[in-house]
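Chain by chain, the residues run as shown.
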Amino acid sequence: MISLYRLKGRALQIDNSLIMTLSFFTGCFLIFSVNFLPSLYERFLSPVFEAEAFSYVIDFSFSVFFLLILFGAYSSVRLGTKRYLFRKAVKKKPRAKDIFFYFSPKNFFMAFFYSLRITLIKLLIFIFCLFPSAVCFFMMERFSRQGVSALVCISLAVTALCLCVNGGVFYSLFNSSFFLCDYYFIDGAYVSFRHIVSLSQRYMKGKNTLLTRMKLSFAGWFVLCFLILPVAYVWSYYNQSLAVAAAEFMKEKKV
C-alpha cells in the first residue's frame, strides 16, 4: 500500500516539479523576509519607545506580533501548498493560484486561526506526554546535587528515559490521528473545528501505523538531500505522496 501511494505521488509529481520548486523557494524567501521585521523594529521603532516607562511591555507586544505574523505566513504557505497537492491527488485540476489561496485577507485569518488552534492542541498534548519524564529528570538533577546515591540517580534516569519513550510513542499516535485535519479544512467538508478533529480521528483509526511507516520510508530521501537530490524535489514528492494517502483515506469512508 505504501509503495502504491508513493508511485501515485511520484507520477503526479512529474507534472508539477517546476511549480513546486518555485513555491518552495518562494515560501522560504517569504518566511526569511518576515524574520527581518524584528531587526527593522530594533533599528527604527525601539529607540522611540526606549524612554517610555513601559518600554519592555511594548517590546514584548511587538515580539508577539512579529511571531504571529511569522506563524500566519508559514501557515498560509503550508496550507496553500497542501491545497494544490491535494486537489491534484483528487483530480480537481489545481491551478497556481491555489498555492496562494490563503493569502487573501479572509482566507488568511481562517487559516491562521485554524492553524493556531490545531497547534495549541498538539502543543498541550506534547507537554502532557513529556511532563512525567521532565519531572523525573528534574528530581534526578536535584538529588544528584544533594549527594543522593548513584543507584537512586540511575533509577530515576532509567525511569525518565522509559517515560520519555512512552510519551513520545503516545504523542506520535495522537499526532497521526490529526493527519487528515488539514485536508478536511482544505476540502471544506466540515461544519466546525470540532467536526474537523472528529472526522480525522474517526477515519484515521487503524491507519496510524501505515502513516508512520510511510513517513519513515522517506528518511533515506531526506538524507540524500544533503548529498545528491535537491531538497525542493524531495519535499514536493513527500507532500504529494501524503496528499495521495489522505485522499485515499477520505475516499474509503465515502464509499
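Here the structure is a predicted model, which means the values were calculated and not measured. (Residues numbered from 1 in each chain as written. Predicted model: local features only at pLDDT ≥ 70, side-chain atom pairs only at ≥ 80, totals over all residues. Heavy atoms only, no water.)

A. Focus on the overall build of the chain. Tallying secondary structure elements over the chain gives 11 helices and 0 strands in all. Going from the N terminus to the C terminus, the chain shows its helices and strands as α-α-α-α-α-α-α-α-α-α-α. Each of the three principal axes of the chain carries a C-alpha extent, and together these read 65 × 55 × 45 Å. For the chain, buried positions account for 36% of its 255 residues. Across the chain, the fraction of contacts at a sequence separation of at least 24, relative to all contacts at a separation of at least 6, is 72%. When the accessible surface of the chain is summed, it comes to about 15300 Å², and 71% of that surface belongs to carbon and sulfur atoms. Put simply, the chain has 28 plus and 11 minus side-chain charges, and the middle of one group is 15 Å from the middle of the other. (Helix = DSSP H or I, 4+ residues; strand = E, 2+ residues; numbered from the N terminus. Buried < 20%, exposed > 50% of the residue type's maximum accessible area, 1.4 Å probe, protein only. Contact = heavy atoms within 4.5 Å. Areas by Shrake-Rupley, 256 points an atom, 1.4 Å probe, with all protein chains shown as cover. Lys, Arg positive; Asp, Glu negative; His and termini not counted. Charge placed at Lys NZ, Arg CZ, Asp CG, Glu CD.)

B. Highlighting helix 8 (residues 193-203). F193, I196, V197, L199, S200 and Y203 are the residues of helix 8 that are buried. End-on view of helix 8: buried residues confined to an arc of 165 degrees, all on one side of the axis. Those residues of helix 8 that are buried are in contact with helix 5 (105-145), helix 6 (150-177) and helix 7 (181-187). (Arc of directions from axis to C-beta.)

C. Representation of a nonpolar patch on the surface. Together, L120, L123, F126, I127, F131, V135, F138 and M139 make up a nonpolar patch on the protein surface, roughly 730 Å² of accessible area in all. Its location among the elements puts F126 in helix 5. Using a relative accessible area of 38% as the deciding quantity, one classes F126 as partly exposed. (Patch = residues over 30% accessible without salt bridge, like charges linked within 9 Å, V, L, I, M, F, W, Y side chains within 5 Å. Salt bridge = Lys/Arg side-chain N within 4 Å of Asp/Glu carboxyl O.)

D. Broad picture of the side chain of R83. Following the sequence through the fold, R83 ends up in helix 4 (residues 55-89). Beyond its immediate sequence surroundings of up to four residues, R83 is in contact with D98, F101, Y102 and I186.

E. Quick peek at the environment of C225. Inspection of the secondary structure puts C225 in the loop between helix 10 (219-224) and helix 11 (231-252). Classification of C225 by relative accessible area gives buried; the value is 16%. Residues C225 and W235, spaced 10 residues apart in sequence, show a C-alpha to C-alpha distance of 9.5 Å. Here C225 is in contact with P230, V231 and V234, once residues within four sequence places are set aside.

F. Region of the structure containing the state of the cysteines. Inspection of every chain in the model, using the stated rule, returns 0 disulfides. Here C129 stays free of any disulfide, with the sulfur of C164 as its closest cysteine sulfur at 10 Å. A disulfide-free cysteine, C181 has its sulfur positioned 16 Å from the sulfur of C129, the nearest such atom. Overall, C181 belongs to the buried group, its relative accessible area being 0%. (Disulfide = S-S within 2.5 Å.)

Honestly, that's just the spatial picture; any functional story needs more than this.
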